[in-house]
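For reference, the chains in residue letters:
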Amino acid sequence: MAHDHGHRAAGRAGARHAHRLLLVLVMTTALVVVQGAAAIAFDSLALLSDTGHVLTDALGIGMALAAVRVADRRGRGRDPQHTFGWYRLEILAALVNAVLLVGVAVYVLVEAVQRIDDPPRIDAGWVLAAATVGLIVNLAAYLALRPGADESINVRGAQLEVLADLIGSIAVVVAAALVAITDVREIDAVAGAVIALFILPRAVALGRSAARVLLQSAPPHIDVDAVRADLARLPGVVDVHDLHVWTLTSDMDVLSAHLVVTSATDLHGVLDDARALLRSEHAIAHATLQVEPDDHAGCAEVDW
């Protein structure tokens, strides 16, 4: 009996939304120039801190976009030494983004403490105008990334960065308005600290998500015990071992397993049933399954 062994290419979520990353990269780069010039000219820590965050985000988004482009162009199988292609570059870029965000947050907190002790005088009106421009740009960038955030960890990371920028712009707008009204210059430094405290936990969460993929942990939405039990209940299957589930990159979960079946079982049927089960019940589209008759000798389980 012939067996259809065709494999459909897994979706590349990052590549599908690369144009959104490019648009946001252009917007954030322009914003860095505008806000950076204003922060230096008007000596605002809050605006300078927000600009530094936007600059880091622009660099991170640029790396994310480059990773997506390279992964999409190189794909799978072109380099025999890279059997999984270059898809993991997207995850590496997300991890670098998280590290950069943590660095920015720490820098902002340290600088805020120093500024509170000796706050400089700022031109609150111009700072307010620059922060308003940033608010508009960041809101537009956030909306542009929203459709792809649920599919790609890189797009989700970029959206979190832009969201932090958006909150930062709001904080700067509020701080500049309060300084203009009250002439309490310490408010500018406090706003910088608030921005940093908002960034830090989100950066850590993004880094943990990326690290989980790089460590090849099973995706949190997949119950490995349930997968094992479902495979073991297939007709003719008597044992399931060497089961591994991991994420290659965004929207690409992968499984491998050995299925032991009775000697009279139709191997092709078990393979087809197992693939159909994994796809329909666990949303795993790519599975490498080794089907072994129970009277077959020589397939010792790996002990690590």
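Treat the numbers as computed from the prediction; the structure is a model and nothing was measured.

What follows covers the packing of helix α2 (residues 18-42) against helix α5 (residues 124-145). Look at α2 against α5: their axes get within 10 Å of each other, and the N-to-C directions meet at 170°. Between α2 and α5, the angle is such that the two are roughly antiparallel. Residue-level contacts link Arg20, Leu21, Leu23, Val24, Met27, Leu31, Gln35, Ala38 and Phe42 of α2 to Trp126, Val127, Ala130, Ala131, Val133, Gly134, Val137, Asn138, Ala140, Ala141, Ala144 and Leu145 of α5. Here the residues of the contact of α2 with α5 sort into 17 nonpolar, 3 polar and 1 charged.

If you look at the biggest cluster of nonpolar residues, it comprises 23 residues, and the most contacted ones within it are Leu47, Val127, Val172, Ile195 and Ile199. Mapped by element, the contributors of at least two residues to this core are α2, α3 (45-74), α4 (88-117), α5, α6 (153-182) and α7 (186-214). Once residues within four sequence positions are removed from consideration, Val127 is found in contact with Phe42, Ser44, Leu47, Val172 and Ala176. Counting 22 residues, the second largest nonpolar core, distinct from the first, contains Leu231, Leu243, Val270 and Leu277.

Below, the discussion takes up the pairing of strand β2 (residues 252-261). Where a strand is regular, its side chains alternate between the two sheet faces. Of all the 10 residues making up β2, 10 are buried; the element is thus mostly covered by neighbouring parts of the structure. In β2, alternate side chains face the same way, and those of Met252, Val254, Ser256, His258 and Val260 on one face and Asp253, Leu255, Ala257, Leu259 and Val261 on the other are all buried. By the bridge criterion, 9 bridges tie strand β1 (residues 237-249) to β2 in an arrangement that is antiparallel. Directly across from Val240, in β2, lies its bridge partner Leu259. In sequence, β1 turns back onto β2 through a hairpin of 2 residues, with Asp251 there showing a positive phi of about 65°. Note: β2 against strand β3 (residues 286-293), 8 bridges, orientation parallel. Within β3, the position partnered with Ser256 by the bridge is Thr288. Following the chain from β2 across helix α9 (residues 267-282) to the adjacent parallel β3, one finds a crossover that is right-handed.

This part covers the packing of aromatic side chains. On inspection of all chains with the given rule, the structure shows 1 aromatic pair. Between Phe42 and Trp126, the aromatic rings sit 5.7 Å apart at their centres with planes inclined by 10°, giving stacked as the arrangement. On the criterion of sequence distance, the pair formed by Phe42 in helix α2 and Trp126 in helix α5 is long-range, its members being 84 residues apart. For Trp126, a relative accessible area of 53% corresponds to the exposed category.

Moving on: a nonpolar patch on the surface. A cluster of nonpolar residues, Leu55, Leu59, Met63, Val96 and Leu100, forms a patch on the protein surface that exposes about 380 Å² of accessible area. Residue assignment for the nonpolar patch shows that the elements contributing at least two residues are α3 and α4. Among the elements that line the nonpolar patch, the one with the most residues is α3, at 3 residues. By secondary structure assignment, the location of Leu59 is in helix α3.

Turning our eyes to something else, we now look at unusual backbone geometry. The phi torsion at Gln216 lies on the positive side, around 60°, for a residue other than glycine. Relative to the assigned elements, Gln216 resides in the loop between α7 and α8 (224-232). Since its relative accessible area comes to 44%, Gln216 is described here as partly exposed. The residue Asp242 is not glycine, and still its phi comes out positive at about 50°.

Take Ala226: it is sitting in helix α8. Given a relative accessible area of 27%, Ala226 falls into the partly exposed group. C-alpha separation for the pair Ala226 and His282, spaced 56 residues apart in sequence, amounts to 9.2 Å.

Reading across the sheet, the 3 strands line up as β1-β2-β3 and stay open at both edges, with mixed pairing between neighbours. Since the sheet does not close on itself, it has two edges, and those belong to β1 and β3, each with one partner. Direction aside, the axes of adjacent strands within the sheet are offset by 10° on average. With respect to the sheet, α8 is in contact with β1 and β2, its orientation differing from that of β1 by roughly 140°.

Analysis parameters
- Residues numbered from 1 in each chain as written.
- Predicted model: local features only at pLDDT ≥ 70, side-chain atom pairs only at ≥ 80, totals over all residues.
- Heavy atoms only, no water.
- Axes fitted to C-alpha atoms, helices over the stretch in contact; angles between N-to-C directions.
- Helix = DSSP H or I, 4+ residues; strand = E, 2+ residues; numbered from the N terminus.
- Parallel < 35°, antiparallel > 145°, perpendicular 65-115°, else oblique.
- Contact = heavy atoms within 4.5 Å.
- Nonpolar A, V, L, I, M, F, W, Y, C, P; charged D, E, K, R; others polar.
- Core = buried A, V, L, I, M, F, W, Y, C linked by side-chain atoms within 4.5 Å.
- Buried < 20%, exposed > 50% of the residue type's maximum accessible area, 1.4 Å probe, protein only.
- Pairing = 2+ DSSP bridges.
- Right-handed = clockwise from strand over helix to strand, strands pointing away.
- Phe/Tyr/Trp six-rings, centres within 6.5 Å; stacked < 30°, edge-to-face > 60°.
- Patch = residues over 30% accessible without salt bridge, like charges linked within 9 Å, V, L, I, M, F, W, Y side chains within 5 Å.
- Areas by Shrake-Rupley, 256 points an atom, 1.4 Å probe, with all protein chains shown as cover.
- Salt bridge = Lys/Arg side-chain N within 4 Å of Asp/Glu carboxyl O.

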